[in-house]
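Residue-level structural notes
Read off the chains here:
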Amino acid sequence: MLSLGIDSGSTMTKGVLFDGSSVIAQRMLPTSMRPGEVLREICTGLKSSETEMVISTGYGRELLKDADAKITEITCHGAGAAWLCPGCDAVIDVGGQDCKAILLDQDGQVTDFLMNDKCAAGTGRFMEMIMARVGSDISCLDSFVEGCSPIPINSMCAVFAESEIVGLLAKEANPGDIVLGCVHSICRRTAVFAEKITPARPKVFFSGGLAQSEVMRRVLGEYMKDAEIVTHPLAQYTGAVGAAVLGYRKLMRRKRNHGA
C-alpha cells in the first residue's frame, strides 16, 4: 500500500512515493511553462500498481485531475516538516517565488502561518538571478562565497537590489562578497518575517531549495539567534512528503472504516 504526493511549485514540481514509514522514491522536474504536463509526467513516473492514493498540492494542484484529493501547500508543508523533523515548532520555507513561515503545535498541526508572495527579493528565484548575474549557478552558492565578506545590500525590492548589484559589479567589487551580501539580505528579511509568529527559542525546520545550502542555514541561524535551525536531505520535497503522509493517513482511515 503506497501513497503518492505531488507538489506543483512555482519553480520545481516534486513527487514522492510513501509506504507509511519511509519515502521509497522521489522525482523533481522544473515546472516551466507546462505545469499540468509536468504534474502528469511525475505522477506517471512514480505511480505503481501498489499506489492507492494520490494527493496534489502547490500552486498547480488543481491541474492534476486524477488526484484523489487536493490539499493546500500550507497544510502539506506542515505535515511534511513534522514527519521529516519530529518535534519542530515551526517551518520556514523559502520557495521559488514566495516565503512561508508556519507555526506547528506539538502534534505537528498548523496553528498559524504567514506568507510573503508580494516581493521577489526574499525568494529562491532572486538568489538564482543573482548567481546568474555573477556568471555562476545556485548549486555553487556555498563554494562561491567561501572566504568572502558580505557587502550590505540595502534595497528591499528585487528590481532595485539588482540595480544595486550591477552598480557594485561596475565598481569591481568582489562577486563573492556581493553574493554573500545577498544571502545576508534574504536571511535577515526571512528572520524578521518568521519571528512575527514563531515562539521563543523555537526548533525551526528550514525547507525549500535554499535549505540545501549550508551558508544559507548558517546565516539564517545568525539572524534567528534563539532558534535551532534544522533541515533534512529531503527538505526541498517537504510539500510533496506532507501530501504523501496525509494521503497515507487517509488510506489507513479508509481501511479502518471498511474493516469496522
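Up top is the structure.
Summarised in this report is the structure supplied together with it.

How each quantity is defined
Residues numbered from 1 in each chain as written. Predicted model: local features only at pLDDT ≥ 70, side-chain atom pairs only at ≥ 80, totals over all residues. Heavy atoms only, no water. Helix = DSSP H or I, 4+ residues; strand = E, 2+ residues; numbered from the N terminus. Rg over C-alpha atoms; globule rule 2.2 N^0.38 Å. Buried < 20%, exposed > 50% of the residue type's maximum accessible area, 1.4 Å probe, protein only. Areas by Shrake-Rupley, 256 points an atom, 1.4 Å probe, with all protein chains shown as cover. Lys, Arg positive; Asp, Glu negative; His and termini not counted. Charge placed at Lys NZ, Arg CZ, Asp CG, Glu CD. Salt bridge = Lys/Arg side-chain N within 4 Å of Asp/Glu carboxyl O. Pairing = 2+ DSSP bridges. Axes fitted to C-alpha atoms, helices over the stretch in contact; angles between N-to-C directions. Contact = heavy atoms within 4.5 Å. Core = buried A, V, L, I, M, F, W, Y, C linked by side-chain atoms within 4.5 Å. Phe/Tyr/Trp six-rings, centres within 6.5 Å; stacked < 30°, edge-to-face > 60°. Polar contact = N/O pair within 3.5 Å; in protein donor to acceptor, adjacent residues only side chain to side chain.

**As for the overall build of the protein chain**
Each helix and strand in the protein chain was counted, giving eight helices and 10 strands. By the compact-globule yardstick of 18 Å for 260 residues, the protein chain fits well, its C-alpha radius of gyration being 19 Å. The principal-axis extents of the C-alpha atoms in the protein chain amount to approximately 70 × 40 × 30 Å. Taking all 260 residues of the protein chain together, the buried fraction comes to 51%. When the accessible surface of the protein chain is totalled, it reaches about 11,900 Å², and 51% of it is carbon and sulfur. Between the centroid of the 27 positive side chains of the protein chain and the centroid of its 30 negative side chains there is a distance of 5 Å.

**Let's talk about the pattern of salt bridges**
On inspection of all chains with the given rule, the structure shows 12 salt bridges. The partner of Glu214 in a salt bridge is Arg217, and the shortest N-O contact between them spans 2.5 Å. On the criterion of helical spacing, the pair formed by Glu214 and Arg217 is a turn pair, its members being three residues apart in helix 7 (residues 214–223).

**Notes on the sheet that holds strand 9 (residues 203–207)**
The sheet built from five strands is open, its strands ordered 8-7-6-9-10 with mixed pairing. Either end of the sheet is taken by a strand with one partner, and the two such strands are strand 8 (110–116) and strand 10 (228–230). When strand polarity is set aside, the average angle formed by the axes of neighbouring strands in this sheet is 20°. Contacts from helix 2 (residues 73–84) reach strand 6 (90–94), strand 7 (99–104), strand 8 and strand 9 within the one sheet, and its direction differs from that of strand 7 by about 60°.

**Description of the nonpolar core**
Formed by 61 residues in total, the largest nonpolar core has its most connected members in Met127, Leu141, Phe205, Phe206 and Met224. The greatest single-element share of this core, amounting to 10 residues, is contributed by helix 6 (residues 175–194). For Phe205, the residues in contact, after removing those within four places along its chain, are Ala81, Leu84, Cys85, Cys88, Ala90, Val91, Ile92, Val230, Thr231, His232, Ala235 and Thr238. The next biggest cluster of nonpolar side chains, apart from the first, holds 13 residues, and it includes Leu2, Leu4, Ile6 and Ile42.

**Examining the packing of aromatic side chains**
One pass over the full model with this rule turns up two aromatic pairs. Seen from their ring centres, Phe18 and Trp83 are 5.3 Å apart, and the 90° between their planes marks the pair as edge-to-face. On the criterion of sequence distance, the pair formed by Phe18 in strand 2 (residues 12–18) and Trp83 in helix 2 is long-range, its members being 65 residues apart. The exposure class of Trp83 is partly exposed, given its relative accessible area of 29%. Their ring planes at 85° and their centres at 5.7 Å tell us that Phe18 and Tyr248 sit as a pair that is edge-to-face.

**A closer look at the pairing of strand 3 (residues 23–30)**
The pairing of strand 2 with strand 3 spans seven bridges and is antiparallel. Bridging across to strand 3, Leu17 finds its partner in Ala25. Here strand 2 folds back onto strand 3, and the loop between the two strands holds four residues, one of which, Gly20, carries a positive phi near 100°.

**Digging into the side chain of Thr11**
Tracing the backbone through its elements, the reader meets Thr11 in the loop between strand 1 (2–8) and strand 2. The contacts of Thr11, once residues within four sequence positions are left out, are Pro30, Thr31, Ser32, Gly96, Arg125 and Glu128.

**Considerations on the environment of Arg125**
Within the secondary structure, Arg125 is located in helix 3 (residues 124–133). Note on Arg125: relative accessible area 34%, which makes it partly exposed. Spatially, the C-alpha atoms of Arg125 and Ile138 are 9.7 Å apart, while their sequence positions differ by 13 residues. Apart from residues lying up to four places away in sequence, Arg125 is in contact with Ser10, Thr11, Gly95, Gly96 and Gln97. A polar side-chain atom of Arg125 sits 3.0 Å from a polar atom in the side chain of Thr11.

**Describing the sheet that holds strand 4 (residues 51–58)**
Taken in spatial order, the five strands line up as 3-2-1-4-5 in an open sheet, and their pairing is mixed. Looking at which strands have only one partner, the edges of the open sheet turn out to be strand 3 and strand 5 (69–70). Looking at chain direction, strand 1 and strand 4 are connected through seven bridges and run parallel. Bridging across to strand 4, Gly5 finds its partner in Ile55. Across the sheet, helix 1 (residues 35–46) is in contact with strand 1, strand 2, strand 3 and strand 4; its angle to strand 3 comes to roughly 155°. Contacts from helix 2 reach strand 1, strand 2, strand 3 and strand 4 within the one sheet, and its direction differs from that of strand 4 by about 115°.

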